Amino acid sequence: MKTQIANSQQPIAKSNFKTVFETYNWDTLEQEIYAVSKTDVETVLAKEKITLNDFKVLISPAAKPFIEHMAQRSHQLTKKRFGNTIQMYIPMYLSNECQNICTYCGFSMTNKIPRKTLSDAEILKEVEHIKKLGYDHILLVTGEANRTVGVSYLKHAIQLIKKHFSNISIEVQPLDQEEYEALIAEGLYAVLVYQETYHEATYKTHHPKGKKSNFNYRLDTPDRLGKAGIHKIGLGALFGLEDWRVDSFYTALHLKYLQKTYWRTKYSISFPRLRPHQGDVEPKVEMTDTDLVQLICAYRMLDEDVELSMSTRESETFRNNIIKLGITSISAESKTNPGGYAVAPQSLEQFEISDERSTDAIKNMIQSQGYEVVWKDWDRSYVNSH
Ligand code: SF4
């Protein structure tokens, strides 16, 4: 497979992100971000090249009045790099089995919900439905239950569906490097793995039990993916658990470290905000719509190439308005329950989605804003042309 050949030339990293992470302090960063002045923002906005330190300034409360300026710049940079295109994607939940306790998730182990893992026939039924909607790539999602949805289940699922999609991404439990290598050999293209929060103590509060309670193993996951030669890694923090500004700085730091270390890999950033689910947890820190726009624009100004992704967690109005401001991919018609499209549409979702419009409606909304819809990940076509 050509992706592997290209990525096998990636340098062997001697360090890992943890060593970089440990040189920063949460409280100091928080103080720095909240101490930014109007003049600091003006100085950064006058610069052509935005550094990580400048990013800190752009996500500060002091930069909020400059959001219009940031939005225009973000729009222009995105148009220059990605043209008038928005990629559409859809998640396919394979299982809601989970051995972790995550306080914010409907699939958390102690929640009394019916558990389900899709069989081969059910997976293919879901695939048939999704293909009819037009999608040519797929994001497979599971909870974390090694006995039911471990590496062999995932490997089998990829083998089963790969002839139907030009690329396959996963959002599942963190794996070891060799396990990723085995899945890449089967055709795995991208892995999304969000740190949830980079605040270690808060992380432990929200992940009290199960493998996910290991903060360092999760933090090290993108490094293992980079070493395994994955084509794309998706990063993000779950906004609401901690101060979104500090978590976003750490995410950007993580991104920059990975880009430098595993430079053949592509990266994407997602912006999940806490949504209602079974056994609600209230957001500790609220992130407003304006805050989210500010953050998206700041990411684009920091990095012209990174993909910025928006899910159906966000409202119809917000998603309509964000199209031109820096986003490069958007999901539609998402079901967050296994079998949610064709097998068991009524089963319990991981979290409630906000924008329930159909794929066609989202496609029309994108096109009405002068954008072309892309149904598969263009990077893969580029890799395969070599
Ligand atoms: S967030 Fe993931 S690991 Fe945590 S309970 Fe939900 S499905 Fe399980």
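Since we're looking at a predicted model, the values are computed, not measured.

Engineer: Pulling in residues and values, what's your account of the overall build of the protein?
Structural biologist: A count of helical and extended segments in the protein gives 18 helices and 10 strands. On C-alpha atoms alone, the protein measures out to a radius of gyration of 20 Å, which is about the 21 Å that the 2.2 N^0.38 rule sets for 386 residues. Along the first, second and third principal axes, the C-alpha set of the protein runs to 60 × 45 × 45 Å. Each charge sign in the protein was given a centre, from 47 positive and 49 negative side chains, and these centres are 4 Å apart.

Engineer: How would you sum up the site of the ligand? Please name residues and give values.
Structural biologist: All residues in the neighbourhood of the ligand are listed as Cys 98, Asn 100, Cys 102, Tyr 104, Cys 105, Phe 107, Ser 108, Gly 143, Lys 212 and Gln 350. The residue inventory of the shell around the ligand, partitioned by class, reads five nonpolar, four polar and one charged.

Engineer: Account for the pairing of strand β6 (residues 232–235), naming residues and giving values.
Structural biologist: A two-sided burial pattern is seen for β6, the buried positions comprising Lys 232 and Gly 234 on one face and Ile 233 and Leu 235 on the other. Taken together, the three bridges between strand β5 (residues 188–192) and β6 define a ladder with parallel strand orientation. In the strand pairing of β6, Leu 192 is matched with Gly 234. When β6 meets strand β7 (residues 266–270), the two strands line up parallel, connected through four bridges. When the sheet's bridge partners are listed, Leu 235 is paired in β7 with Ile 269.

Engineer: Give me the pattern of salt bridges: which residues, what numbers.
Structural biologist: Summed over all chains, the structure comprises 23 salt bridges. For Asp 54, the salt bridge is made with Lys 47, and the minimal N-O distance between the two is 2.8 Å. With relative accessibility at 6%, the residue Asp 54 sits in the buried group. Between Asp 291 and Arg 245 there is a salt bridge, with its nearest N and O atoms 3.8 Å apart. Here Asp 291 is found in helix α15 (residues 289–302), whereas its partner Arg 245 is found in helix α14 (residues 244–261), with 46 residues between them in sequence. Here the two residues Asp 291 and Arg 245 agree in accessibility, since each one is buried. Within the structure, one salt-bridge network assembled from shared partners comprises Lys 64, Arg 245 and Asp 291.

Engineer: Break down the packing of aromatic side chains for me, citing the residues and quoting the values.
Structural biologist: The final tally for this structure, using the stated rule, is 14 aromatic pairs. Arranged with centres 6.0 Å apart and planes meeting at 80°, the rings of Tyr 93 and Phe 107 form a pair that is edge-to-face. Placement of Tyr 93 in strand β2 (residues 91–93) and of Phe 107 in the loop between β2 and α7 (120–133) is noted, with a sequence separation of 14 residues between them. For Tyr 93, a relative accessible area of 6% translates into the label buried. Relative to Tyr 250, the ring of Phe 249 has its centre 6.4 Å away and its plane inclined at 70°; by these criteria the two rings are edge-to-face. Both residues of the pair, Phe 249 and Tyr 250, count as buried. In this structure, Lys 56 is placed above the aromatic ring of Phe 249, and the distance from its NZ or CZ to the ring centre is 5.4 Å. When the ring centre of Tyr 217 is taken as reference, the NZ or CZ atom of Arg 224 above it lies at 3.7 Å.

Engineer: Account for helix α13 (residues 221–228), with residues named and values stated.
Structural biologist: Two residues of an α-helix separated by three or four positions point the same way, owing to the 3.6 residues in each turn. With seven of eight residues buried, α13 is to be regarded as a mostly interior element. Within α13, the full set of buried residues consists of Thr 221, Pro 222, Asp 223, Arg 224, Leu 225, Gly 226 and Ala 228. Here the buried face of α13 lies against α2 (17–21), α10 (177–186), β5, α12 (215–219), β6 and α14. Positive phi shows up at Gly 229, right after α13, with a value of about 85°.

Engineer: Please set out the side chain of Gln 195 residue by residue, giving values where relevant.
Structural biologist: Examined against the element boundaries, Gln 195 turns out to sit in the loop between β5 and α11 (200–206). At a separation of 3.2 Å, a polar atom in the side chain of Gln 195 contacts the main-chain amide nitrogen of Leu 219. Apart from residues lying up to four places away in sequence, Gln 195 is in contact with Tyr 203, Phe 215, Arg 218, Leu 219 and Gly 236.

Engineer: Just give me the short version of the sheet that holds β5, but keep the residues and values in it.
Structural biologist: Strand order in the open sheet formed by 10 strands is β2-β3-β4-β5-β6-β7-β8-β9-β1-β10, and the pairing between neighbours is parallel. Since the sheet does not close on itself, it has two edges, and those belong to β2 and β10 (372–374), each with one partner. Adjacent strand axes in the sheet meet at a mean angle of 30° when their direction is disregarded. Relative to strand β9 (residues 329–331), strand β8 (residues 307–310) is paired through two bridges, and the arrangement is parallel. Its bridge partner being in β9, Ser 309 is matched across the sheet by Ser 329. Along the sheet, α15 makes contact with β7 and β8, crossing β8 at roughly 160°.

Engineer: Outline the pairing of strand β4 (residues 167–171), listing residues and values.
Structural biologist: Taking burial as the measure, the five residues of β4 include four buried ones, the bulk of the element. Bridge count for strand β3 (residues 137–141) against β4 is five bridges, and the pairing is parallel. Considered in β4, the bridge of Ile 138 is made with Ile 168. As defined by bridge partners, β4 adjoins β5 across three bridges and the pair is classed as parallel.

Criteria and cut-off values
Residues numbered from 1 in each chain as written. Predicted model: local features only at pLDDT ≥ 70, side-chain atom pairs only at ≥ 80, totals over all residues. Heavy atoms only, no water. Helix = DSSP H or I, 4+ residues; strand = E, 2+ residues; numbered from the N terminus. Rg over C-alpha atoms; globule rule 2.2 N^0.38 Å. Lys, Arg positive; Asp, Glu negative; His and termini not counted. Charge placed at Lys NZ, Arg CZ, Asp CG, Glu CD. Near = heavy atom within 4 Å. Nonpolar A, V, L, I, M, F, W, Y, C, P; charged D, E, K, R; others polar. Buried < 20%, exposed > 50% of the residue type's maximum accessible area, 1.4 Å probe, protein only. Pairing = 2+ DSSP bridges. Salt bridge = Lys/Arg side-chain N within 4 Å of Asp/Glu carboxyl O. Phe/Tyr/Trp six-rings, centres within 6.5 Å; stacked < 30°, edge-to-face > 60°. Lys NZ or Arg CZ within 6 Å of the ring centre and 35° of its normal. Contact = heavy atoms within 4.5 Å. Polar contact = N/O pair within 3.5 Å; in protein donor to acceptor, adjacent residues only side chain to side chain. Axes fitted to C-alpha atoms, helices over the stretch in contact; angles between N-to-C directions.

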